[in-house]
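This is what each chain is made of:
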Amino acid sequence: MRPSRRHPLLVPALLCALAVLAARPTDAAEKKAPADGGTDAGISAQVARLYEDAAVATQQYETGRLEAEAQRAKAQRLEALLDRERRDISVLHEDLGRIARAQYRNGGDLPLTAQIILAGSPDQLMRGQQVFSQTNLAVNNAIEKSRRAEAKLAADEAEAATAWQSLEKRNVELADLKTGIEQKLEEARSQLQGQADASVAAGSCRGAVRLDQPAIQVTSPWVTPVETYELSAGFGSGGSRWANRHTGQDFAVPIGTPVRSVGAGRVVTVSCGGAFGIEIVIEHAGGYYTQYAHLAAVTVDQGDQVAAGQWIGQSGTTGNSTGPHLHFEVRVTPELGSGVDPVPWLAARGVPLG
């Protein structure tokens, strides 16, 4: 598996599931609804609430992450300031040592009486006293400067320690929040997939769950089928999982990821049984068809017209699937067996994968 383009998609994925609340089950589902009210719609509402909670938590997490980055930058600036102050204090201490040694050499250690006795003349005594006074002044100034620097260093060290403690606390809070988000999403995805598996087992699709998706922002006539992904099994791959060679390109994505139509077209098939689980086939201009398989939910019905980039479903792991992913095919007919390699086909339309 090799990484491909990555974009922040968590919030769009959450928004995609929120609209499950608005889903209307098919007539068949309504007829099968138990008397206790445990309908598919009730499960959908629960999933929607979980995704909504996770969306709020995600916004809090992002805000906290930015605050933590700012706090870390502040703490690092304080550490750099402390290093500079420590070097300055070291220089001040060296200056004090030089001044003290100079004072000693110039007789600064002798009592005034001894200096008067040893002085050769009044002028010599006065010069000695002047040098002594200047040296004392320099020493006093240097000591005071050193004391101020050390006091500032102590205050800045306390501020830096507080900054790092605050950052550590924030990181713990973020870790707890992130864990909560992951738990909520895992529960929501499990319920969404369970609902999809029930549809596949019954051989009857629930019908389209109309999503209140954001305005389509794509400016190209062709797009990737999912925004964030890792490429897994490619076209023509061999292995025990398939009776023949792999007929499409797999995109490893979490359950519930919005799946997009790669281009404008018409939905010709929505089905829920067989090896592909829940799948959609779309007809495009030029005689090509695209297939989106192993879905957990669909947002379109057969006969719908779709635009490039429009959400048509949510990824899952229904059918003959070893884990959450989107199986994507490009065909020259609506049926299996007429596939072409999707990677060069998309690249030829200005959509490179990788």
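In this text the structure is predicted, and so the values were computed from the model without any measurement.

Brief notes about the overall build of the protein chain
Assigned secondary structure in the protein chain consists of 6 helices and 11 strands. The proportion of buried residues among the 354 residues of the protein chain is 39%. By sequence separation, contacts in the protein chain at least 24 residues apart represent 73% of the contacts at least 6 residues apart. Accessible surface for the protein chain amounts to roughly 18,600 Å². Of this, 54% is attributable to carbon and sulfur atoms.

Quick look at the pattern of salt bridges
Scanning the entire structure with this criterion turns up 2 salt bridges. In this structure, R266 and E283 form a salt bridge, with 3.1 Å as the shortest nitrogen-oxygen distance. Placement of the pair is R266 in strand β5 (residues 265-271) and E283 in strand β6 (residues 278-284), with a sequence separation of 17 residues. A relative accessible area of 33% places R266 in the partly exposed class. A salt bridge links E329 to R331; its shortest N-O distance comes to 2.8 Å. Owing to a relative accessible area of 0%, E329 belongs among the buried residues under this scheme.

Topic: the environment of G263
Relative to the helices and strands, G263 is located in the loop between β4 (258-260) and β5. Residue G263 is classed as buried on the basis of its relative accessible area of 0%. Put simply, G263 and Q310 are 47 residues apart on the chain and 8.5 Å apart in space, counted from C-alpha to C-alpha.

Some points on the environment of S261
If you trace the backbone, S261 turns up in the loop between β4 and β5. Overall, the relative accessible area of 0% leaves S261 in the buried class. Distance from S261 to Q310, taken between C-alpha atoms, is 5.6 Å for residues 49 residues apart in sequence. Apart from residues no more than four positions distant in its own chain, S261 is found in contact with V223, I282, H284, Y292, V306, A307, A308, G309, Q310 and I312.

A short note on the pairing of β6
Burial within β6 is extensive, with 6 of its 7 residues counted as buried. Both β5 and β6 contribute to a ladder of 5 bridges, which runs antiparallel. Across the sheet, residue V267 finds its bridge partner in β6, namely I282. In the sheet, β6 pairs with strand β7 (residues 288-298) via 6 bridges, with the strands oriented antiparallel. Within the sheet, the bridge partner assigned to E283 lies in β7 and is Y289. Hairpin connection of β6 to β7: 3 residues between the antiparallel strands, including G286 at a positive phi of 95 degrees.

Examining the confidence of the model for the protein chain
On average, residues of the protein chain carry a pLDDT of 74, and 69% of them reach 70 or more. A low-confidence stretch, residues 1-39 stays under pLDDT 50, and its non-local contacts, those more than four residues away or across chains, total 76 contacts.

Observations regarding the nonpolar core
The nonpolar side chains of soluble globular proteins are, as a tendency, buried together. Counting residues in hydrophobic clusters, the biggest one holds 31 residues, and the most contacted among them are F251, I280, Y292 and I312. For this core, the secondary structure elements donating two or more residues are α5 (122-202), β6, β7, β10 (326-331) and α6 (342-347). With 4 residues, the top contributor of residues to this core is β7. Built from parts of two domains, this core gets at least three residues from each of domain 1 (43-200) and domain 2 (230-348). Setting aside residues up to four positions removed in sequence, I312 forms contacts with V259, R260, S261, I280, I282, Y292, V298, T299, V300 and V306. If you look at the next biggest cluster of nonpolar residues, it comprises 9 residues, including L78, L82, L153 and A160.

Here we look at the side chain of H327
Of note, H327 is situated in strand β10. A distance of 3.1 Å separates a polar atom in the side chain of H327 from a polar atom in the side chain of D250. Excluding residues that lie within four positions of it along the chain, H327 makes contacts with H246, T247, G248, Q249, D250, F276, Q291, Y292, A293 and H294.

A short note on the packing of aromatic side chains
Enumeration over the complete set of coordinates arrives at 5 aromatic pairs. With a centroid separation of 5.2 Å and 80 degrees between ring planes, the pair formed by W222 and W345 is classed as edge-to-face. Of this pair, W222 sits in the loop between α5 and β2 (230-231) while W345 sits in helix α6, and the two are 123 residues apart along the sequence. Measuring from centroid to centroid gives 5.5 Å for Y288 and W345, while their planes differ by 65 degrees, and the two rings are edge-to-face.

Considerations on the pairing of strand β3 (residues 249-252)
Across 2 bridges, the pairing between β2 and β3 is antiparallel. When the bridges of β3 are listed, E230 appears paired with A252.

Thresholds, definitions, all that
- Residues numbered from 1 in each chain as written.
- Predicted model: local features only at pLDDT ≥ 70, side-chain atom pairs only at ≥ 80, totals over all residues.
- Heavy atoms only, no water.
- Helix = DSSP H or I, 4+ residues; strand = E, 2+ residues; numbered from the N terminus.
- Buried < 20%, exposed > 50% of the residue type's maximum accessible area, 1.4 Å probe, protein only.
- Contact = heavy atoms within 4.5 Å.
- Areas by Shrake-Rupley, 256 points an atom, 1.4 Å probe, with all protein chains shown as cover.
- Salt bridge = Lys/Arg side-chain N within 4 Å of Asp/Glu carboxyl O.
- Pairing = 2+ DSSP bridges.
- pLDDT = per-residue confidence, 0-100.
- Core = buried A, V, L, I, M, F, W, Y, C linked by side-chain atoms within 4.5 Å.
- Domains from an automatic or database assignment.
- Polar contact = N/O pair within 3.5 Å; in protein donor to acceptor, adjacent residues only side chain to side chain.
- Phe/Tyr/Trp six-rings, centres within 6.5 Å; stacked < 30°, edge-to-face > 60°.

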